[in-house]
Amino acid sequence: MRHIAVIGSGPAGYYTAEACQKAFGEDCRIDVIDRLPVPFGLIRTGVAPDHQSIKNVSRRYEAVALTDNVRFVGNVSVGQDITVAELQDLYDAVVLATGAPADRTIDIPGSDLPGVVGSAAFVGWYNGHPDHADLAPALHGPGAVVIGNGNVALDVARILAKAESEFDGSDIVQHALTALRAAKIDTITLLGRRGPHQIAMTPKELGELGNLSRATPVVDPADFPPVESDDALDPGQRKSVSHLRGYAATGAASDKPIRIIFDFFARPVEIRGQGQVDSVVVERTRLTADGRAEGSGETYEIPAGLVVSCIGYRTPAIPGVPYDEKQGRFANDEGRIAPGLYAVGWARRGPTGTIGTNKPDGYAIAEKIGEDLTGGSGKPGRPGLDSLLAARGIDVVTFRDWQKIDTAEIAAARDGAPREKFTRIDAMLAARGAAAD
């Protein structure tokens, strides 16, 4: 019998569990361990609350979780409640699927001022992640600056710009909806170091900005290269740039009260304020021959009470696991960290790709486990973990417990919403008990 521990219950974790099931059949037992009492990771707290269709993939993970040889072990923090070395003593293979939930820091003067937040924290706030429920972002306006030119930056801008009625059907948490209702932001500036051809925004997400009831995207026509140069782009990128060209043609004439300004060829160099963000100093950039952005020396200032940095994520280090500081992920060779220890998903490759990218990644790791582990080694696996956690008084949450929490969240939903998420771990644990009564 092969005993496998997967640390992290997001897409990478459950795709790996699914792949191990298919590779080893009944000859394996897989424990999916998560520090939160609730599963699905990025699907629950990273995907935008108004993108419910994307969250439907969790049904696939649920199907895996409900099989006999896969078990969810929630409310267990690896590195605190139990070490990786202890897990390696218990399991034939340990797979780190912890994602990249920490923000990359923006290293400019003033980045520590109140009012500056990372996208992981801001997204976690409106998605109800327990780590960020108390964020209280500065929404007094009139301006907000979003640093980055990827889909996360688009999500942040869209959430800031939406009217309350446009959140119908979403699972944005009530504390965020209440705060956004009272927000006074009328200008949202997206800063990108390079130009329209270098964005990392997908067409669907970019196109959504054109359909907001009270906000209009604004793009400077002068930022574009000649239109014929779009032909060299891949189809998806070409469609995204087409959206931007459309906004450049119509945005300035709109009378909607909120403007979403795409400020290309711009990089922040300083954040100013006395005890709170007041403005962002931006340097105009230009592209070099090899496509990099270099400063021009020309600077200007953008008023802002809120700055959201969407410049990427890092995987938090775990004691005893080799770590690549430069890449912000576990040090690994195609997923192998050490004998019996693996990394998958963002913990392996860094924060790149889509949710679906984790599927082939999980299957590749299962294949490596099969190459390295021809059969079980006689390690105790699941019973050994249960004994150790019980001895330490750890309150383990099972998938059946999660189903009770899920039921309670659905029952607590406001009109038109699929659920109202619990944002406190103690509330989750209490709901598990209450649902059983």
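The sections below set out a description of the structure shown in this document. Nothing here was measured: the structure is a model prediction, and the numbers come from that model.

### Quick notes on the overall build of the chain
On a plain count of helices and strands, the chain comes out with 15 helices and 19 strands. Rg of the C-alpha trace for the chain: 23 Å, near the compact-globule value of 22 Å for 437 residues, within the 12% margin. Overall, the C-alpha framework of the chain stretches about 70 × 50 × 40 Å when taken along its three principal axes. Within the chain, the proportion of its 437 residues that are buried is 54%. Long-range pairs, those at least 24 residues apart, make up 75% of the contacts in the chain with a sequence separation of at least 6. For the chain, the accessible surface area stands at approximately 18,300 Å², while carbon and sulfur atoms represent 51% of it. A gap of 2 Å separates the mean positions of the 46 positive and 57 negative side-chain charges of the chain.

### Section: the nonpolar core
Within the largest apolar cluster, 45 residues are counted, with the highest numbers of intra-cluster contacts made by Phe122, Leu160, Ile188, Leu244, Ile260, Phe262 and Leu306. For this core, the element with the highest residue contribution is helix H7 (residues 151-161), accounting for seven residues. With sequence-adjacent residues up to four places away left out, Phe262 is seen in contact with Leu154, Leu190, Met201, Leu206, Leu209, Pro217, Val218, Val219, Asp223 and Leu244.

### Section: the environment of Pro418
If you trace the backbone, Pro418 turns up in the loop between helix H14 (399-411) and helix H15 (425-436). Linking Pro418 and Ile172, residues 246 residues apart in sequence, is a C-alpha distance of 9.6 Å. Leaving out residues up to four positions away in the same chain, Pro418 has contacts with Gln52, Gly169, Ser170, Asp171, Ile410 and Ala413.

### Structural notes on unusual backbone geometry
Here the bond from Gly141 into Pro142 is cis, since omega is 0 degrees, no more than 30 degrees from zero. Relative to the assigned elements, Pro142 resides in the loop between helix H6 (119-127) and strand E7 (143-147). Notably, Phe40 is not glycine yet its phi reads approximately 90 degrees, a positive angle. Judged by its relative accessible area of 8%, Phe40 is buried.

### Some details on the pairing of strand E11 (residues 266-272)
Sheet analysis places E11 next to strand E12 (residues 279-287), joined by six bridges and oriented antiparallel. Looking across to E12, one finds that Ala266 is bridged to Arg284. Hairpin connection from E11 to E12: six residues lie between these consecutive antiparallel strands, with Gly275 at a positive phi of about 80 degrees.

Thresholds applied
- Residues numbered from 1 in each chain as written.
- Predicted model: local features only at pLDDT ≥ 70, side-chain atom pairs only at ≥ 80, totals over all residues.
- Heavy atoms only, no water.
- Helix = DSSP H or I, 4+ residues; strand = E, 2+ residues; numbered from the N terminus.
- Rg over C-alpha atoms; globule rule 2.2 N^0.38 Å.
- Buried < 20%, exposed > 50% of the residue type's maximum accessible area, 1.4 Å probe, protein only.
- Contact = heavy atoms within 4.5 Å.
- Areas by Shrake-Rupley, 256 points an atom, 1.4 Å probe, with all protein chains shown as cover.
- Lys, Arg positive; Asp, Glu negative; His and termini not counted.
- Charge placed at Lys NZ, Arg CZ, Asp CG, Glu CD.
- Core = buried A, V, L, I, M, F, W, Y, C linked by side-chain atoms within 4.5 Å.
- Pairing = 2+ DSSP bridges.

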